[in-house]
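# A look at the structure
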Amino acid sequence: RQQFVSKMTDTGITVVDMTDELKLASSKEDDLYFLADTHWTGKGAYIGASVLLDALGINHIPYSENSFEKAEYYESDIANLCHLYDEYTDTRDYSAEKNICSEKSDKSIMFMGDSFRWRIEEYLDESFEKVTVRANPASQELIKETDVDILVIQVVERNLMGMLTLIPNAIY
């Protein structure tokens, strides 16, 4: 992870690493990730969105000042991969009671990401006037065509090295 962050920052790309904030929050809170799934619950995604909004200088309601209520049922990706979906279901999902931002930024954002993007997307919709969400893989051509104020490329740690292909002349 540090190697990736160094490569990106060396090329002038801003990296928002959510790892430390999520680790700190998970030491105090049990429900940031699903039990039988690698993805964030609504609570985990709220923390991730908060870290991103902080890095972008966009005011938002801190996690500690929001409340979360139980949300609809979610199926587990790990259980599904193992064909154990009947035995391992996870109903611990959450929705924030208040919007993450009290008012939307007038900036436009494109958020490209892997499967973690689907939970953070709802918080981006509450934060920006124009939101475009695309699934990875991103490409240099697509990035060059993008006409938005903010471009975010989200990637889970296990896929970091693949993202280096987006950087011209990257050495890995």
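Heads up: the structure comes first, above all this text.
Residues numbered from 1 in each chain as written. Predicted model: local features only at pLDDT ≥ 70, side-chain atom pairs only at ≥ 80, totals over all residues. Heavy atoms only, no water.

## What to know about the pairing of strand β4 (residues 128-135)
Bridge count between strand β3 (residues 105-113) and β4: seven bridges; the pairing is parallel. Across the sheet, the residue bridging to Phe-111 is Val-133, located in β4. With helix α5 (residues 117-125) bridging β3 and the parallel β4, this β-α-β connection has right-handed handedness. (Pairing = 2+ DSSP bridges. Helix = DSSP H or I, 4+ residues; strand = E, 2+ residues; numbered from the N terminus. Right-handed = clockwise from strand over helix to strand, strands pointing away.)

## Digging into the packing of aromatic side chains
Throughout the structure, instances matching the rule amount to five aromatic pairs. With 5.3 Å between their ring centres and 80° between their planes, Trp-40 and Phe-116 make a pair best called edge-to-face. Of this pair, Trp-40 sits in the loop between α2 (19-28) and α3 (42-56) while Phe-116 sits in the loop between β3 and α5, and the two are 76 residues apart along the sequence. For Trp-40, a relative accessible area of 7% puts it in the buried group. Look at Tyr-63 and Phe-68: their rings are 5.0 Å apart centre to centre, the planes differ by 35°, and that puts the pair in the tilted class. What links up through ring pairs into an aromatic cluster is the set Tyr-46, Tyr-63, Phe-68 and Tyr-123. One Lys or Arg, Lys-43, reaches over the ring of Tyr-94 and ends 4.1 Å from the middle of that ring. (Phe/Tyr/Trp six-rings, centres within 6.5 Å; stacked < 30°, edge-to-face > 60°. Buried < 20%, exposed > 50% of the residue type's maximum accessible area, 1.4 Å probe, protein only. Lys NZ or Arg CZ within 6 Å of the ring centre and 35° of its normal.)

## Digging into the environment of Asn-159
In this fold, Asn-159 is placed in the loop between β5 (150-153) and α7 (160-163). Sequence separation of Asn-159 and Asp-114 is 45 residues, and the distance between their C-alpha atoms is 9.0 Å.

## Here's the deal with the pattern of salt bridges
Throughout the structure, instances matching the rule amount to four salt bridges. We note a salt bridge from Asp-31 to Lys-43, for which the minimum N-O separation is 3.9 Å. In this pair, Asp-31 is assigned in the loop between α2 and α3 and Lys-43 in helix α3, connecting sequence segments 12 residues apart. (Salt bridge = Lys/Arg side-chain N within 4 Å of Asp/Glu carboxyl O.)

## Description of the sheet that holds β3
Here we have three strands laid out as an open sheet, ordered β4-β3-β5, and parallel in their pairing. The open sheet is flanked by β4 and β5, the only strands paired with a single partner. Going from strand to strand, the sheet's axes swing by 15° on average, the running direction of each strand aside. The strands touched by α5 within the sheet are β3 and β4, with β4 carrying the most contacts at an inclination of about 165°. (Axes fitted to C-alpha atoms, helices over the stretch in contact; angles between N-to-C directions. Contact = heavy atoms within 4.5 Å.)

## Here's the deal with helix α1 (residues 2-10)
Here α1 has its buried residues at Phe-4, Val-5 and Met-8. An end-on view of α1 places all buried positions within 95° of arc, on one side of the element. Opposite its buried face, α1 presents the exposed residues Gln-2, Gln-3 and Asp-10, each directed more than 90 degrees away. Of the residues trailing α1, Gly-12 is marked for its positive phi of about 90°. (Arc of directions from axis to C-beta.)

## A look at the environment of Lys-43
On the basis of relative accessibility, which here comes to 10%, the residue Lys-43 falls in the buried class. For Lys-43, the contacting residues outside a window of four places in its chain are Glu-29, Asp-31, Leu-32, Tyr-63, Phe-68 and Tyr-94.

## A word on the side chain of Ser-127
Take Ser-127: it is sitting in the loop between α5 and β4. The exposure class assigned to Ser-127 is buried, which follows from its relative accessible area of 0%. When neighbours within four sequence positions are excluded, Ser-127 is seen to be in contact with Leu-53, Ile-100, Cys-101, Lys-104 and Ser-105.

Taken by themselves, the reported measurements are silent on function.
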